Amino acid sequence: MNRLRTKIITGVAFLFLLLLIVGGTAAYFLTALSHDANVILKDNYESLSYCHSMQQQLVMMDKDSNAIRKFDQQLQLEEKNATEVGEAPATAYIRKAFEEFRSSKEKFPVLKNEIENHIQEVLALNMQAIDRKNKQAQQTASKAITIITVLGAVVFLLSFTFLANFPSYVSGPISKLNEAIKALSDKNYNYRLHINRKDEFGELAQAFNTMAEKLDEYEHSNLATILFEKQRAETVIQTMKDASLGIDVSGKVLFANQQALQLLNLKEADVINKSQEEVSRRNDLFRFLLQENNGTPFKIVVENKENYFTKEINDITQGGQKTGRVIVFKNITPYKELDLAKTNFIATISHELKTPLASIDLSLKLLKDQRTGNLNDEQQELVEHIKDDKNRLVKIVGELLDLSQVETGNIRLNIQSVNVNKVLDFALQSVQMQASQKQIALEIIKEGNEELYCKADAEKTTWVLTNLLTNAIRYSSSSSKIITAIKSIDGKVKFSVQDFGKGISPEEQSRIFEKFYKTKDDIKSGTGLGLAIARDFITSQGGRIWVESEEGKGSVFAFELPKA
């Protein structure tokens with residue numbers, strides 16, 4: 001009822017806000033009226049009081065010195081309280097005449113009239129101000145009464161409308177729902193509740209219509225249709241080539257085709273309508289299949305022959321809720337055999353290519369030997385091109401041999417305690433010439449002065465670090481730098497190579513360690529095997545390798561190995 005409650009609260013809050021506006025307006029105008037009254041009583045009344053007092057003292061001023069002093073006091077107060085237009089000049093004239101009287105009392109009869117006239121002028125100014133402000137206060141009061149009356153009428157109309165419509169707003173949908181429930185109780189499943197509102201009543205109407213629709217479907221269904229659909233589903237399941245199991249949300253096994261029963265070495269009565277816990281206790285393969293790991297190949301021996309499978313677990317949902325799951329395990333033995341044949345072929349052809357490449361290398365050395373004759377410039381250039389192609393083929397053959405060793409499981413590791421600094425020095429020496437040709441600075445960052453040791457194969461680890469440095473040089477611009485860092489973290493030694501080249505897009509980062517994959521900037525060079533082999537070399541030693549990159553800011557390739 002959150003949305004309905006929100007609407008009610010919003011309506012009440014709106015009325016309350018209107019009341020606050022009316023009350024605030026009334027308070028504002030009352031404050032204004034009070035302020036005007038205070039101004040009239042305080043400023044103008046005080047001026048009148050000062051003037052009357054001066055008039056009283058003026059009569060006795062030529063005879064009584066105290067009258068002169070009191071007149072001066074009242075005049076000073078009036079001078080400070082001159083607020084009306086023209087009041088200050090008139091007060092100044094009174095002061096001037098009063099000072100002349102002080103200096104020469106003989107002029108008192110003349111000055112007395114002048115002072116009296118100016119006092120009368122001040123009195124007149126303040127009386128006019130009182131009259132004017134009184135009229136303003138009356139106008140303000142009239143305006144306030146009008147505004148408050150209008151706002152009060154608006155609030156009354158809105159309140160009356162809200163109170164008149166609110167009961168029907170709530171009770172109307174309830175009455176319709178009551179009628180709909182009576183219709184359902186009479187098995188009128190075609191009845192639909194029409195409440196076009198985006199609140200809880202609208203959701204209730206939608207849920208009611210869905211329930212009525214399902215009841216109507218159930219009412220018009222028949223057992224023959226249900227049995228036909230059941231038989232058809234069972235036929236589809238039994239004709240599936242892949243072994244399949246169905247388990248409902250409560251853990252009961254709903255179906256298992258013949259392929260699945262054969263692999264489990266169980267009968268249908270031992271599986272169907274049994275709880276998965278009961279079957280798991282009697283069958284290790286079934287217990288393994290219930291685990292959530294997907295995609296990892298596993299081996300099953302069938303009729304004394306090794307077969308390889310992959311498992312997929314697919315959740316079945318209905319109405320947004322999980323109702324069960326289907327476990328499918330696919331036979332990938334033919335693909336595994338093809339992959340093994342491919343690996344053996346690569347290993348064989350790589351070994352076969354080494355002999356002619358060695359012969360080509362020997363022939364190139366003989367051609368460069370002056371004892372076999374001098375070469376002209378064009379011939380020398382051709383020989384250099386042949387040498388470059390030969391070196392590229394040698395690199396490809398070497399990487400293919402490393403790859404075949406990894407895939408066939410024949411990779412030989414000599415794990416021992418390896419001095420990390422020696423690995424770093426050897427790798428840097430290997431790429432020093434390439435870096436010098438592009439004027440690239442090789443910067444080294446080490447943690448402390450102590451010697452670090454890791455558990456690794458020195459040759460394979462050096463090969464990986466050299467490969468990362470070679471790639472960094474290839475993708476770095478001239479006159480830049482490459483940072484190689486070594487750090488000990490949580491019982492592991494971390495190697496990292498940072499360049500400041502173009503960087504790698506997020507899409508390519510997820511695939512860069514795949515075999516034969518090349519980035520968009522590496523289509524015309526490389527084999528796409530270097531990073532794949534590096535990954536296999538590192539993972540086989542119990543480590544991990546990864547990349548961190550941002551386009552336009554360079555890349556950081558790093559790997560970790562256990563600390564010795």
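Student: For this particular structure, what's the right way to read the side chain of Q541?
Tutor: Following the sequence through the fold, Q541 ends up in the loop between helix 15 (530-540) and strand 11 (544-550). Judged by its relative accessible area of 7%, Q541 falls in the buried class. Here D457 takes part through its backbone nitrogen, which lies 2.7 Å from a polar atom of the side chain of Q541. Apart from the residues within four sequence positions on either side, Q541 is in contact with L413, I415, A456, D457, K460, T461, L561 and P562.

Student: Is there a simple way to think about the environment of Y191 in this case?
Tutor: On the secondary structure map, Y191 appears in the loop between helix 4 (108-185) and helix 5 (200-220). With 21 residues separating them along the chain, Y191 and A212 place their C-alpha atoms 7.4 Å apart. With residues up to four places along the chain from it excluded, the contact list for Y191 reads E179, A180, A183, F208 and A212.

Student: Explain the packing of aromatic side chains here, please?
Tutor: Aromatic ring pairs are defined here through the distance separating the ring centres and the angle between the ring planes. Summed over all chains, the structure comprises three aromatic pairs. Geometrically, the ring pair formed by W463 and F537 is edge-to-face, given 5.5 Å between the ring centres and 80° between the ring planes. Linking W463 in helix 13 (residues 458-474) with F537 in helix 15, this pair joins segments that are 74 residues apart in sequence. W463 gets classed as partly exposed once you look at its relative accessible area, which sits at 25%. Residue classification places F537 among the buried positions, given a relative accessible area of 1%. Seen in terms of ring centroids, F495 and F559 are 4.7 Å apart; in terms of plane orientation they differ by 10°. Their pairing is stacked.

Student: What is the right way to read the sheet that holds strand 11 from this model?
Tutor: With mixed pairing, five strands are arranged side by side in an open sheet as 7-9-10-12-11. Of all strands in the sheet, those with a lone pairing partner are strand 7 (441-446) and strand 11, marking the two edges. Taking the axes of each pair of neighbouring strands and ignoring which way they run, one obtains an average angle of 15° across the sheet. Where strand 10 (residues 492-499) and strand 12 (residues 554-562) come together, eight bridges link them in antiparallel fashion. Residue pairing for strand 12: D499 is matched across the bridge by S555.

Student: In this structure, what is going on with helix 12 (residues 420-437)? I would like to understand it.
Tutor: Residues that lie three or four places apart on an α-helix share one face, since the helix turns once every 3.6 residues. Taking 1.5 Å per residue as the helical rise, helix 12 with its 18 residues ought to reach 26 Å, and the 27 Å between its terminal C-alpha atoms agrees with that figure. The largest bend in helix 12 comes to about 45°, at V431. Taken together, the buried positions of helix 12 are occupied by V420, N421, V423, L424, A427, L428, V431 and A435. The elements touched by buried residues of helix 12 are strand 6 (416-419), strand 7, strand 8 (453-456), helix 13, strand 9 (481-489) and strand 10. Its side-chain oxygen 2.9 Å from the backbone nitrogen of N421, N419 forms the N-cap of helix 12. A positive backbone phi angle near 55° is found at Q439, which sits one or two residues after helix 12.

Student: In this structure, what is going on with helix 15? I would like to understand it.
Tutor: The buried fraction of helix 15 amounts to eight of the eleven residues, a majority that puts the element mostly inside the structure. Within the span of helix 15, buried status applies to G530, L531, A532, I533, A534, D536, F537 and I538. Looking at the residues trailing helix 15, positive phi occurs at G542, about 85°.

Student: Please clarify how the pattern of salt bridges should be interpreted in this entry.
Tutor: Here the idea is simple: oppositely charged side chains can pair when their charged atoms come close. Summed over all chains, the structure comprises eleven salt bridges. Across the pair K135 and D131 runs a salt bridge, and its minimum N-O distance is 3.7 Å. Residue K135 and its partner D131 are located together in helix 4, separated by four residues, close to a single helical turn. According to the relative accessible area criterion, K135 is partly exposed, its value standing at 47%. Relative accessible area serves as the criterion here: at 41%, D131 is assigned to the partly exposed category. A cluster of three or more residues bridged by salt bridges with shared partners is formed by D72, E79, R95 and E99.

Student: Hey, could you run me through the nonpolar core in this one?
Tutor: In this structure, V464, L465, L469, F495, F557 and F559 are the most contacted members of the largest nonpolar core, which totals 37 residues. Elements that contribute at least two residues to this core include exactly helix 12, strand 8, helix 13, strand 9, strand 10, helix 15, strand 11 and strand 12. Here this core takes seven residues from helix 12, the largest share from any one element. What L469 contacts, discounting residues up to four positions off in sequence, is A427, L428, V431, I482, T484 and V497. Grouped together as the second largest cluster of nonpolar side chains are 23 residues, V253, A260, L290 and I300 included.

Calculation notes
- Residues numbered from 1 in each chain as written.
- Predicted model: local features only at pLDDT ≥ 70, side-chain atom pairs only at ≥ 80, totals over all residues.
- Heavy atoms only, no water.
- Helix = DSSP H or I, 4+ residues; strand = E, 2+ residues; numbered from the N terminus.
- Buried < 20%, exposed > 50% of the residue type's maximum accessible area, 1.4 Å probe, protein only.
- Polar contact = N/O pair within 3.5 Å; in protein donor to acceptor, adjacent residues only side chain to side chain.
- Contact = heavy atoms within 4.5 Å.
- Phe/Tyr/Trp six-rings, centres within 6.5 Å; stacked < 30°, edge-to-face > 60°.
- Pairing = 2+ DSSP bridges.
- Axes fitted to C-alpha atoms, helices over the stretch in contact; angles between N-to-C directions.
- Expected span 1.5 Å × (residues − 1).
- Bend = angle between axes of the 7 residues up to and from the residue.
- Salt bridge = Lys/Arg side-chain N within 4 Å of Asp/Glu carboxyl O.
- Core = buried A, V, L, I, M, F, W, Y, C linked by side-chain atoms within 4.5 Å.

Read these as geometric descriptors, not functional statements.
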